[in-house]
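Topology and contacts: notes
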Amino acid sequence: MLAVAAPRMTPAGWTLRAVVSAHAVAIAGQPVFAGMYLTGDYAGLSLHSAGADVVTSIGYLQVIVAIVVWVRLRQAWPFLATSAVVAAETVQYFAGLDGALWLHLPLGVTTVVAVVVQFIDVWRRPLLRQGAADA
Amino acid sequence: MPSGRGVTRRQMLGIGGALGLMAATGLTSAAALARRPSITGAQLRSAVPLPPPFQVPLPVPAVLKPVGTSGGADRYEITQCEASAEILPGVTTPMWTYNGTFPGPTIESRRGRPVTVSHRNELPVPTVVHLHGGRTPAASDGYPTDLLLPEGRQEHSMHMGHGSEHGMHDPRAVVTELTRDYTFPLDQRPTLLWYHDHRMDFTAPAIWRGLAGLHIVRDDAEDALGLPAGPRELPLMIADRAFAADGSLAYPALDPTLRVRPGVREPYLAGVLGDVILVNGAPWPVHEVDAARYRLRILNASNARHYELEAVTGDGHRLDLVQIGADQGLLAAPVVHRLLPIAPAERYDVVVDFSGVPIGGLVKVVNRLGSGRTRDVMAFRVARKAADDSRVPRTLSTDLPAWRRSDAVRVRDFAFRAGRMHSGHGWLIGGLPFDPARTDVTTRLGDVEVWRLIADVHHPVHLHLVGFRVLSRSGRPPLPHDAGLKDTVSLRPGEAVEIITRFDGYRGRYLFHCHNAEHEDMGMMANLEIV
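Residues numbered from 1 in each chain as written. Chains lettered and ligands numbered in written order. Predicted model: local features only at pLDDT ≥ 70, side-chain atom pairs only at ≥ 80, totals over all residues. Heavy atoms only, no water.

Some remarks on the UniProt feature "transmembrane region" (unreviewed entry) in chain A
All names here are of chain A.
- Mapped onto the present numbering, the UniProt feature "transmembrane region" (unreviewed entry) falls at residues 50–70, 77–95 and 101–120.
- Between the C-alpha atoms that bound residues 50–70 there is a distance of 30 Å. The span itself is 100% helix and 0% strand.
- The span residues 77–95 carries 100% helix and 0% strand; its end-to-end C-alpha distance comes to 27 Å. (UniProt positions renumbered as here; feature names shortened; annotations may be inferred. Helix = DSSP H or I, 4+ residues; strand = E, 2+ residues; numbered from the N terminus.)

Okay, structure coming up:
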C-alpha cells in the first residue's frame, strides 16, 4: 500500500518512534550507573560500559531507521539529527574509555538532552510523507 | 507554512539553533576551563626569586652509619631536630629534619637483617615514624596515634588533633616521650623504601617541612644481576616545595604551630603543590654522568604532585626509561617506557643509558604534567666516555607472587572521594572519615583478597604492611607501569583499580590510605586489622 494523501503513520514512522524511545530509555540509565560507580559500587562500572554499548548500538540502528524514513517519507531531519547524536555518542564513548572527564561529563549531559529533544519531536506529531504533510 | 501544530519551521530552527549554541558553548567552556591534563591540588607561589634550572649539583643523601652491628642486627640513631638549610642559593630555610639534613640520611640494609632505629624527638611537636613499604610489625609501623612526644610535652598527648577537637580518643595508642625504638625485620624483597612522619592530622606539613628520608634494602640475588651500581646508582627523591618571603617553606596550614587544628586553607583542600621542584633537596639540580648506563631509583616524595617523567636529549630525542623495579622490588622482566607516570609515594627503579648521548650533551628530565617552571625536574650532563660492564638481564626476578583471582577469599569495594567530615570538607573512604577507634577491615593472617578501589579525583592509594599486584584498571588490563609488586597505586579521576594481595607477615592494626598527604590528613585513611 502506497502512502498517498491519508495522514496516517507509516511503519517507518512507527519504527523511528520505537527506536528513539528505546534510545531515550537506555541513555537515561547512563548517569544512574555512573552515580552508582562513583559512590563506590564497582558493579556500576560494568553497567555503565554495557549501557554505553547498548546506547551506541541503538544509535547506529536509529541511523538506519532514519535513512529509511528519509527514503520512504522524504524527511531528512530525523537523519540529520540522528547523525549528530550518534557522532556525539561516539566521541562520548571514547572520551569515557580515555578518562577525559572534562569532555565526558558535559557531552554526556548534552547527549541526553539531544535524545530527549528527539523523543519529544518524534512523538509530538505524526511522521508523514513530506508531500502528504504539505499538501 | 506550519510544519506541525502551533510551531513554525522558523521557530523549530530557532529552538534547534539555541540548543546547538548551548551545547557548543558548554563543551568549549569545559575544554577551556577544565585542567587538561587533570591535576588534583592547587599550587603555591614562592615569594623569593627562583634560581635558573640545572645549576645546582645533585646532592646524594649520606648513608647513615650504624651505632652498633652486634647480634645479627644493626642499630641506628636519628635525632629529629630543627635545622637551617640552604635549599635555594643564598636563601636560608628553617626545616624539620632527621639528623639535620633534608632528605634525612639514607639507611642501607640487607634483606632479613633486622634494623633498629632509635629516634629522638627534639622538635616542638610530637612525631611518628613510618617506614613506607616496610614489612614491619604493627608496634613499629608508626600508627598515627603512636606518638613520640618531645621531652616534657606529656600533656600534649591529651590535646592532639582529633583526640580533643572531635571527642575521639584512641585507647590503643602507645605514646612515648623523647626517644622511641622502631624495629624493622626487613624480611622482604629488596627495594627502595622511605621513612617519613605519619602523625595524626599533621603528616602533610611535617613531610613538607622536611621529615623524609630513604631506606634501601638489598640482597645477594639483586647484587649478582650486574645492574649499574656504586656511583652509577642514584636515588632521586623528587618533591615540590614553595618558599615564603623570609625563606621558610610556605604551607597553607590552618594552624601554623601544627599542633591543634588540622587541615589547610580552602583553596588547597585537594592538595598542596609547590612551584619549585627539588631532587634530593636541591632545586632543578644537574648531575654529571659518564656515557654509560645508570640505575635511577626514583621516589615521588611530593605531597600531592604527580609527574609524568621523560628523559629528553638536546636534539629532542627521548631516551628509553627501562623499568626494572616497582615499589616492592624487582620486576620479573624489564619494561621499557618513554613516559613514566609517578604518583606521590610511588617508586620506580629505572635504568637509563647515556651512552648514545654526545659528550657534553644535556639530558633533561621533564615532567609532562608540569607547566612553566614545574615542567623541568633535573638534568644530566654527559661528561665523559667510560667503560660500562653493567647489564640489564632479561630475567630480573622469579619470586613475584602469582596470586590468582580464584585464590581470593573475599572481594571488597572502596570509594575514595570528597565529602564532609565533622564540620568541614574532608576526604572519605567508603563514605567515612578516619577514626582510629573504628576497625574498617578485618582480615585473617594469610588471606588473599581482591580490593576494588574507585576514585573521584587523583588518589594514590597505599596499603601498609603488604605489597599487591594490579589486576585491572577500569575493567581493562593494567598499564605497563603497573607491573610488579606495588604498595601504592595511582588512581586517576573516575578510575577504578582492582588489586590482589595476601595479608601475611604480622597481625595487628595497620592502615590503608590515600597518599596525597593533604587528603590523608583530612580523613582519607582507614584501619586494617589483621587477626
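Anyway, onward from the coordinates.
Focus: the sheet that holds strand S21 (residues 329–337) of chain B
Residue and element names in this part refer to chain B.
- The mixed open sheet is built from 7 strands, whose spatial order is S15-S14-S12-S17-S23-S20-S21. Each of the sheet's edge strands pairs with one partner strand only, and the pair in question is strand S15 (282–283) and S21.
- Note that strand S20 (residues 321–326) and S21 share 5 bridges and pair antiparallel. Within the sheet, the bridge partner assigned to glycine 325 lies in S21 and is leucine 330. (Pairing = 2+ DSSP bridges.)

Points about the pattern of salt bridges
All names here are of chain B.
- Applying the stated rule across the entire model yields 43 salt bridges over all chains.
- Ionic pairing is found between arginine 384 and aspartate 290, a salt bridge with its closest N-O pair at 2.3 Å. With arginine 384 in strand S25 (residues 376–385) and aspartate 290 in strand S16 (residues 286–291), this pair connects stretches of sequence that are 94 residues apart.
- Exposure remark for aspartate 290: the relative accessible area of 12% places this residue in the buried category.
- Put simply, aspartate 440 and arginine 438 hold a salt bridge, and the shortest N to O gap is 2.7 Å.
- Classification of aspartate 440 as partly exposed rests on a relative accessible area of 26%.
- Judged by its relative accessible area of 22%, arginine 438 is partly exposed. (Salt bridge = Lys/Arg side-chain N within 4 Å of Asp/Glu carboxyl O. Buried < 20%, exposed > 50% of the residue type's maximum accessible area, 1.4 Å probe, protein only.)

Side note on the sheet that holds strand S10 (residues 192–197) of chain B
All names here are of chain B.
- As summarised here, the arrangement of the 4 strands in space is S4-S11-S10-S6, forming an open sheet in which the pairing is mixed. Each edge of the open sheet carries a strand with a single partner, namely strand S4 (104–110) and strand S6 (129–132). Here the average twist between neighbouring strands, direction ignored, is 20°.
- As paired strands, S4 and strand S11 (residues 212–218) are joined by 5 bridges and run parallel to one another. (Axes fitted to C-alpha atoms, helices over the stretch in contact; angles between N-to-C directions.)

Focus: the nonpolar core
- One finds Phe380, Trp451 and Phe512 of chain B to be the most contacted residues of the largest nonpolar core, which totals 103 residues.
- Setting aside residues up to four positions removed in sequence, phenylalanine 380 of chain B forms contacts with Leu234, Leu236, His287, Val289, Leu296, Phe354, Gly361, Leu362, Val363 and Val365 of chain B.
- Listed in part, the 17 residues of the second largest apolar core include Met9, Ala26, Val65 and Val122 of chain A. (Core = buried A, V, L, I, M, F, W, Y, C linked by side-chain atoms within 4.5 Å. Contact = heavy atoms within 4.5 Å.)

Remarks on the interface of chain B and chain A
- Opposite the 29 residues of chain B that make contact, chain A presents 20 residues.
- Summed over both sides, the interface of chain B with chain A buries roughly 2000 Å², with 66% coming from carbon and sulfur.
- Area buried by chain B at its contact with chain A is led by Leu27, Ile454 and Arg476 of chain B, which between them contribute 23% of it.
- Scanning the region where chain B abuts chain A turns up 0 salt bridges.
- Applying the counting criterion to the chain B and chain A interface returns 4 residue pairs in polar contact (both at pLDDT 80 or more).
- Of all the secondary-structure elements, those providing two or more residues to the side of chain B that touches chain A are helix H1 (9–33), strand S26 (410–421), strand S29 (448–455) and strand S33 (496–502) of chain B.
- Broken down by element, the residue count for the side of chain B that touches chain A peaks at 8 residues, all from H1 of chain B.
- In the side of chain B that touches chain A, the residues fall into 14 nonpolar, 6 polar and 9 charged. (Buried area = accessible area lost by both parts, 1.4 Å probe. Polar contact = N/O pair within 3.5 Å; in protein donor to acceptor, adjacent residues only side chain to side chain. Nonpolar A, V, L, I, M, F, W, Y, C, P; charged D, E, K, R; others polar.)

A look at empty space enclosed by the protein
Residues and elements named next belong to chain B.
- For the coordinates displayed, the defined rule picks out 6 cavities of 30 Å³ or more.
- What lines the largest cavity is a set of 15 residues, among which Leu296, Ile298, Leu321, Val365 and Phe380 lie closest to the centre.
- Within the residue set of the lining of the largest cavity, elements represented by two or more residues are strand S12 (233–241), strand S17 (293–300), strand S18 (307–312), strand S24 (362–367) and S25.
- Of the residues that constitute the lining of the largest cavity, the class distribution is 14 nonpolar, no polar and 1 charged. (1 Å grid on protein atoms, 1.4 Å probe; cavity = no way out; pocket = protein on both sides within 12 Å on 5 of 7 lines; lining within 4 Å. Points joined across faces, edges and corners; volume = space filled by probe spheres on them.)

What to know about the pairing of strand S34 (residues 508–514) of chain B
Residues and elements named next belong to chain B.
- Within S34, 7 of the 7 residues are buried, leaving the element largely enclosed by the surrounding structure.
- Neither face of S34 is exposed, since Gly508, Tyr510, Phe512 and Cys514 on one face and Arg509, Leu511 and His513 on the opposite face are all buried.
- Alignment of strand S30 (residues 459–463) against S34, held across 3 bridges, turns out to be antiparallel. Among the inter-strand pairings, valine 461 is bridged to a residue of S34, identified as cysteine 514.
- One ladder, built from 6 bridges, connects S34 with strand S35 (residues 525–530); its direction is antiparallel. Residue pairing for S35: tyrosine 510 is matched across the bridge by leucine 528.

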